[in-house]
Structure formats: C-alpha cells, structure tokens
Amino acid sequence: MKALQHLLCLIVFLLLFSCSEYGKKLQYDKTEIYYTDLVEKEEAEKLGDFLVSSKFAGENEKSVQLSKNKENNHYQFRMVTTTDAAESETYEAIFKMFAQQLSDSVFNKQPVDFHVCDTTFQTLKVITFK
C-alpha cells in the first residue's frame, strides 16, 4: 500500500513538474511543441500545423518551445539544437529565414526571434527578428 502511495505521489509530482518546466506540451509527429502561458494554445496549434505542412515535423525527434517576450512583444521560437549550430553562420542564415517564414505564415507578420537552445531550453544564441 505504501509503495502505491509513493508511486501516486511521484506521478503527480512528475505531471506538475512536466507542465511547469517548459510549458504545456503538444505533439506533432515526432516534434514536441511546448508553449508557455504567454501564448494561446491556438497559436501553438497553428505553429504545429505549419511545422507539419513545411515538413519540419517528421520522422526525426525535435523539441521546440513557443513563448513571447513581455518587453517587446516578439514571439520566441526556441529550438533545441547543438552548440555547433549556435556557432555556425550557415545555420544562423537558415534560422533567420525560418523565423521570417514563421512570422509570415503563422503569426500574421509579427516579429519572431529565434532562440538556439540546449536540451533544457537554455538559450545559447538569439537571432533577433529584423
């Protein structure tokens, strides 16, 4: 009986922790989309639909997070990637183009800053929308 209580407490803790750490989670193919309280679920769903239609979401596992900057009201597209990608000029150009696509196709031309992140969504580099 005690083991069952411990298991139940662990499950409740994990559910609370998983919702609060990165935000609420949606799944599109093998792409996890977390979104914070600063954006609406409908915005995250629209992002997910775009990621599927653009073939971003597919067979490879990816994790992204959608948030908003309170100060400048820019959307933040945060993607888990490598430190090599954070330091690459080639990837920076690709990320800039992708942020522009997101702005045009998903967020009604609102600015989207691209955050290159580590596996815990800590920002390695910000590519600011221009």
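Residues numbered from 1 in each chain as written. Predicted model: local features only at pLDDT ≥ 70, side-chain atom pairs only at ≥ 80, totals over all residues. Heavy atoms only, no water.

1. Quick look at the nonpolar core
And then number 1: If you look at the biggest cluster of nonpolar residues, it comprises 28 residues, and the most contacted ones within it are Leu-47, Leu-51, Phe-77, Leu-102 and Phe-114.
And then number 2: When residues of this core are traced back to their parent elements, those giving at least two are strand 1 (24-28), strand 2 (31-35), helix 2 (41-53), strand 3 (62-68), strand 4 (75-80), helix 3 (83-87), helix 4 (89-105) and strand 5 (112-117).
And then number 3: Once you skip the residues sitting within four places of it in the chain, Phe-114 turns out to touch Phe-77, Met-79, Phe-95, Phe-98, Ala-99, Lys-125, Val-126 and Ile-127. (Core = buried A, V, L, I, M, F, W, Y, C linked by side-chain atoms within 4.5 Å. Buried < 20%, exposed > 50% of the residue type's maximum accessible area, 1.4 Å probe, protein only. Helix = DSSP H or I, 4+ residues; strand = E, 2+ residues; numbered from the N terminus. Contact = heavy atoms within 4.5 Å.)

2. With respect to the packing of aromatic side chains
And then number 1: Per the stated rule, a full pass over the model turns up eleven aromatic pairs.
And then number 2: Taking 6.3 Å as the distance between ring centres and 75 degrees as the angle between the ring planes, the aromatic pair formed by Phe-56 and Phe-77 counts as edge-to-face. Of this pair, Phe-56 sits in the loop between helix 2 and strand 3 while Phe-77 sits in strand 4; the two residues are 21 residues apart in sequence, bridging distant segments of the chain.
And then number 3: The exposure class of Phe-77 is buried, given its relative accessible area of 0%.
And then number 4: The rings of Phe-50, Phe-56, Phe-77, Tyr-91, Phe-95, Phe-98 and Phe-114 are connected pair by pair, giving a single aromatic cluster.
And then number 5: Here the basic side chain of Lys-62 rests over the ring of Phe-56, its NZ or CZ set 5.0 Å away from the ring centre.
And then number 6: A cation over a ring is seen here: Lys-68 above Tyr-75, with NZ or CZ 4.5 Å from the ring centre. (Phe/Tyr/Trp six-rings, centres within 6.5 Å; stacked < 30°, edge-to-face > 60°. Lys NZ or Arg CZ within 6 Å of the ring centre and 35° of its normal.)

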